[in-house]
Amino acid sequence: MLVGEIMKNKGVGVIAVAPDQTMVEVLKLFRDNNIGFVVVSRPSGKHVGTLSERDCCNAVAEYGAEATMMRAADIMNRNVATCSVRDLLPVAMGIMTQRRTRHVLVMDGNDVVGVVSIGDVVKHRLDEAQRTEQDLQDYICGNRYH
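Rules of the game
- Residues numbered from 1 in each chain as written.
- Predicted model: local features only at pLDDT ≥ 70, side-chain atom pairs only at ≥ 80, totals over all residues.
- Heavy atoms only, no water.
- Pairing = 2+ DSSP bridges.
- Helix = DSSP H or I, 4+ residues; strand = E, 2+ residues; numbered from the N terminus.
- Axes fitted to C-alpha atoms, helices over the stretch in contact; angles between N-to-C directions.
- UniProt positions renumbered as here; feature names shortened; annotations may be inferred.
- Polar contact = N/O pair within 3.5 Å; in protein donor to acceptor, adjacent residues only side chain to side chain.
- Left-handed = near helix turned anticlockwise from the far one by under 90°.
- Contact = heavy atoms within 4.5 Å.
- Nonpolar A, V, L, I, M, F, W, Y, C, P; charged D, E, K, R; others polar.
- Salt bridge = Lys/Arg side-chain N within 4 Å of Asp/Glu carboxyl O.
- Buried < 20%, exposed > 50% of the residue type's maximum accessible area, 1.4 Å probe, protein only.

The chain carries the name CBS domain-containing protein in an unreviewed UniProt entry, which gives Rhizobium miluonense as its organism.

Participant: Even after reading the chapter, I still don't get the sheet that holds strand β5 (residues 103–108), so can you show me in this structure?
Facilitator: To summarise the sheet geometry, strands pair through backbone hydrogen bonds and adopt either a parallel or an antiparallel arrangement. The sheet built from three strands is open, its strands ordered β4-β5-β6 with mixed pairing. The outermost strands of the open sheet, each flanked by one partner alone, are β4 (82–84) and β6 (111–117). Within this sheet the neighbouring strands show an average axis-to-axis angle of 35 degrees, counted without direction.

Participant: Honestly, the UniProt feature "domain: CBS" (unreviewed entry) in the chain in this entry has me stumped. Any pointers?
Facilitator: Residues given the UniProt feature "domain: CBS" (unreviewed entry) here are residues 7–68 and 76–133. The straight-line gap between the two end C-alpha atoms of residues 7–68 is 32 Å; of that span, 42% is helix and 21% is strand. Split by type, residues 76–133 is 47% helix and 28% strand. Its first and last C-alpha atoms lie 42 Å apart.

Participant: Sorry, what's going on with the environment of Y63 here?
Facilitator: Tracing the chain through its elements places Y63 in helix α3 (residues 53–63). Of note is the side chain of Y63, whose polar atom sits 3.3 Å from the side chain of E62.

Participant: Which parts of the structure should I look at to understand the packing of helix α2 (residues 23–33) against α3?
Facilitator: A packed helix pair is summarised by two numbers, namely the angle formed by the two axes and the spacing between the axes. It is at 11 Å that the axes of α2 and α3 come closest, and there the two elements cross at 145 degrees. For the element pair α2 and α3, the recorded crossing hand is left-handed. Residues M23, L27 and F30 of α2 pack against E53, C56, A59 and V60 of α3. Partitioning the contact of α2 with α3 into residue classes produces six nonpolar, no polar and one charged.

Participant: Any chance you could explain unusual backbone geometry here in plain terms?
Facilitator: The backbone of N34 shows a phi angle near 55 degrees, a positive value even though the residue is not glycine. Not every positive phi belongs to a glycine, and R100 is a case in point at roughly 55 degrees. Structurally, R100 can be placed in the loop between α5 (89–99) and β5.

Participant: Any chance you could explain the pattern of salt bridges here in plain terms?
Facilitator: Pairing is possible between side chains that carry opposite charge, provided their charged atoms lie close to one another. Considering all chains together, one arrives at six salt bridges under this definition. As a salt-bridge pair, D32 and R31 come within 3.0 Å of each other at their nearest N and O atoms. Given the relative accessible area of 55%, D32 is considered exposed. Of the charged contacts, one joins K123 and D127 as a salt bridge, the two residues approaching to 2.9 Å between their closest N and O atoms. Taken together, the positions of K123 and D127, both in helix α6 (residues 118–141) and four residues apart, correspond to about one turn of that helix.

What follows is the structure, given as structure tokens:
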């Protein structure tokens, strides 16, 4: 399966924050949207990094309580993991494994079209396993095979 197909099923788009938003503001956005990852973008729409729950935890571990008022630009990940809508899902999975990240930005050329998460990968693999199990059960029982 192509990453772009997962994006079609999931829906395209990303939630973005401005570089000057504080960690507390980002964490409230995480809570309100039940997410753990955002793109950090300039007003022009150009992405400059990403910010995850892990990045926030690392900032608190390094800077203590003052981290909560730090700007997203000060704690964001600038080395962004990306894949293409035309990549096969195992490519995105490999990036997640190699980079030890749970989120990969999905690009269509130079445009960010979405985020594929480890949850998306697990959901796809689970759906695939359930379809295979049903196909095998149908085959054994003679259903849909005449």
